[in-house]
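Structural features, examined
Next come the chains, spelled out residue by residue.
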Amino acid sequence: MHLYETMKNFLMDCSYSIDFFENCIHVFNYIDILKLNEKEIALQMSKFQLVLTGNHFVVKQLEKREILIEGEIDEVRFLR
C-alpha cells in the first residue's frame, strides 16, 4: 500500500489539474463554480478563471474541489 500512496501523492502534487477526454473535462482543485448551465461553465481556480463554452454540458460527478463535466466543448478560456 505504501507504493500506491507514494505514486498518488507524486501524481497529485500540484495546485490544480485540468484533463480533457472525449467529450469530457475533469478539473481538480477548483475554488468555486461561478457559472453553470448547458452552454457555459466558469470555474474559479487559484490564479485564474477557467471558462468553457459549448453545448449540452452536464455535470457527471461532483466532489469537493473536483468536477467531471460531459458535453461538446467548443472553447476553453483562461481569464486573469
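Before reading further, recall that the structure is shown in the block above.
First, a word on what this report is: a plain description of the structure on this page. (Residues numbered from 1 in each chain as written. Predicted model: local features only at pLDDT ≥ 70, side-chain atom pairs only at ≥ 80, totals over all residues. Heavy atoms only, no water.)

1. What about the overall build of the protein chain?
A count of helices and strands for the protein chain gives one helix and six strands. Tracing the protein chain from N to C terminus, the helices and strands come up as α-β-β-β-β-β-β. Counting over 80 residues, the protein chain shows a buried share of 29%. Partitioning the intrachain contacts of the protein chain with sequence separation of at least 6 by distance along the chain shows that 38% fall at a separation of at least 24. When the accessible surface of the protein chain is split by element, carbon and sulfur atoms take 52% of a total near 5800 Å². (Helix = DSSP H or I, 4+ residues; strand = E, 2+ residues; numbered from the N terminus. Buried < 20%, exposed > 50% of the residue type's maximum accessible area, 1.4 Å probe, protein only. Contact = heavy atoms within 4.5 Å. Areas by Shrake-Rupley, 256 points an atom, 1.4 Å probe, with all protein chains shown as cover.)

2. With respect to the sheet that holds strand β4 (residues 40–44)
The six strands lie next to each other as β1-β2-β6-β5-β4-β3, forming an open sheet whose pairing is antiparallel. Only two strands of the sheet have a single partner each, and these edge strands are β1 (17–21) and β3 (32–36). Ignoring strand direction, the axes of neighbouring strands in this sheet form an average angle of 40°. The pairing of strand β5 (residues 49–63) with strand β6 (residues 66–79) spans twelve bridges and is antiparallel. Within the sheet, the bridge partner assigned to Gln61 lies in β6 and is Leu68. (Pairing = 2+ DSSP bridges. Axes fitted to C-alpha atoms, helices over the stretch in contact; angles between N-to-C directions.)

3. Observations concerning a nonpolar patch on the surface
A contiguous nonpolar patch, built from Leu36, Val59 and Leu62 and spanning about 250 Å² of accessible area, is present on the exposed surface. Owing to a relative accessible area of 52%, Leu62 belongs among the exposed residues under this scheme. (Patch = residues over 30% accessible without salt bridge, like charges linked within 9 Å, V, L, I, M, F, W, Y side chains within 5 Å. Salt bridge = Lys/Arg side-chain N within 4 Å of Asp/Glu carboxyl O.)

4. Quick word on the nonpolar core
If you look at the biggest cluster of nonpolar residues, it comprises 13 residues, and the most contacted ones within it are Val27, Leu43, Met45, Leu50, Leu52 and Ile69. Those elements that provide at least two residues to this core are β2 (24–28), β4, β5 and β6. In terms of residue count, the dominant contributor to this core is β5 (three residues). Residue contacts for Leu43: discarding those within four places in its chain leaves Val27, Tyr30, Asp32, Ile33, Leu34, Phe48, Gln49, Leu50 and Ile67. (Core = buried A, V, L, I, M, F, W, Y, C linked by side-chain atoms within 4.5 Å.)

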